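# Structural features, examined
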Amino acid sequence: MNFKNYSKIIVANWKMNGSFSLINQYKNYLKKNYIKFNKKIAIVICPPFPYLTICKNKFKYKNIFLGAQNLSLSDNFSKTGEISSSIIRDTQCNFVILGHSERRNLFKESDKLISNKVNESLNNKINVIICIGENLSEKRKSNTFKVLKKQIYKSLSNNCSPKNTIIAYEPVWSIGTGKTPTIEEINKIHTYIKKILNIKYHLKNYKFKVLYGGSVNKKNSKDILSLKSVDGVLVGGASLNIIEFAHIINFNKN
Ligand code: PEP
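Because the structure is a prediction, the values reported are computed rather than measured.

So, about the side chain of Ser85. Within the fold, Ser85 resides in helix H3 (residues 85–90). A polar contact of 2.7 Å, which involves the side chain of Ser85, links it to the side chain of Asn124. Not counting residues within four places of it along the chain, the set of residues in contact with Ser85 comprises Leu71, Ser72, Glu120, Ser121, Asn124 and Ile126.

Checked against the element boundaries, Lys8 lands in strand E1 (residues 8–13). From its side chain, Lys8 meets the backbone oxygen of Leu227 in a polar contact 3.2 Å long. At 2.6 Å, the side chain of Lys8 and the backbone oxygen of Val230 are in polar contact. Excluding residues that lie within four positions of it along the chain, Lys8 makes contacts with Lys40, Ile41, Ala42, Leu225, Leu227, Val230, Asp231, Gly232 and Phe251.

Turning our attention to the state of the cysteines. Where two cysteines share a covalent bond between their sulfur atoms, that bond is called a disulfide. Counted according to the given criterion, the structure contains 0 disulfides. Counting only cysteine sulfurs, Cys93 is the nearest neighbor of Cys46, a cysteine outside any disulfide, at a range of 7.4 Å. Free of any disulfide, Cys160 has its nearest neighbouring cysteine sulfur in Cys131, separated by 13 Å.

Thresholds applied
Residues numbered from 1 in each chain as written. Predicted model: local features only at pLDDT ≥ 70, side-chain atom pairs only at ≥ 80, totals over all residues. Heavy atoms only, no water. Helix = DSSP H or I, 4+ residues; strand = E, 2+ residues; numbered from the N terminus. Polar contact = N/O pair within 3.5 Å; in protein donor to acceptor, adjacent residues only side chain to side chain. Contact = heavy atoms within 4.5 Å. Disulfide = S-S within 2.5 Å.

Okay, structure coming up:
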């Protein structure tokens, strides 16, 4: 997938949700309404692992891609219950979400581990969506920029490039809370992230795509997605309802 072909990238992170019923709701809705979708918007659906192949077979549209929500390093193949990058690649997944705050916090994933996973995914030709973001206490101490810079330097890997890596700015305090930064804050932070990425990867123009994630819904999506510095959104809760998710995808028509 060539990211440059798309004006915005909209990611559905189902987390540990989803069912055959949800997949069928997506399928039926897409069958009726896909024709009206803007084909310059890439849609990446990230269901739990067992649903990847069924989603692949049911959502056969040119701008709809699939993503996994995690992978395990294949440093040792005797890891019962884990899924490697080569297995994900085999399911024809184009993306994997790495560094999500839930994995950083609940599963104690360090920047170093995330960076190793990024490196391995890219070596297996799976594009990465790397989440970064400050928590509430870091925000209150005005450490947002410092935290983001550290995560960019430590969670990415040397083989990241604007062709295989997307950054998702997800303030942890905003995920699932209904709270979001102001539009001005999102713009300022995205511009900062792009600037730091340019410095790290010795680039001139802003080339990396940076998505916003955290309580995106049908009411706030238009304002967020209308920002030039926002290349798309990563949607959790609101992606579990195809009508609301479609509203977000069609933000410029509403
Ligand atoms: C997420 O899980 O990455 C997320 C952004 O969730 P929500 O949209 O529900 O805040």
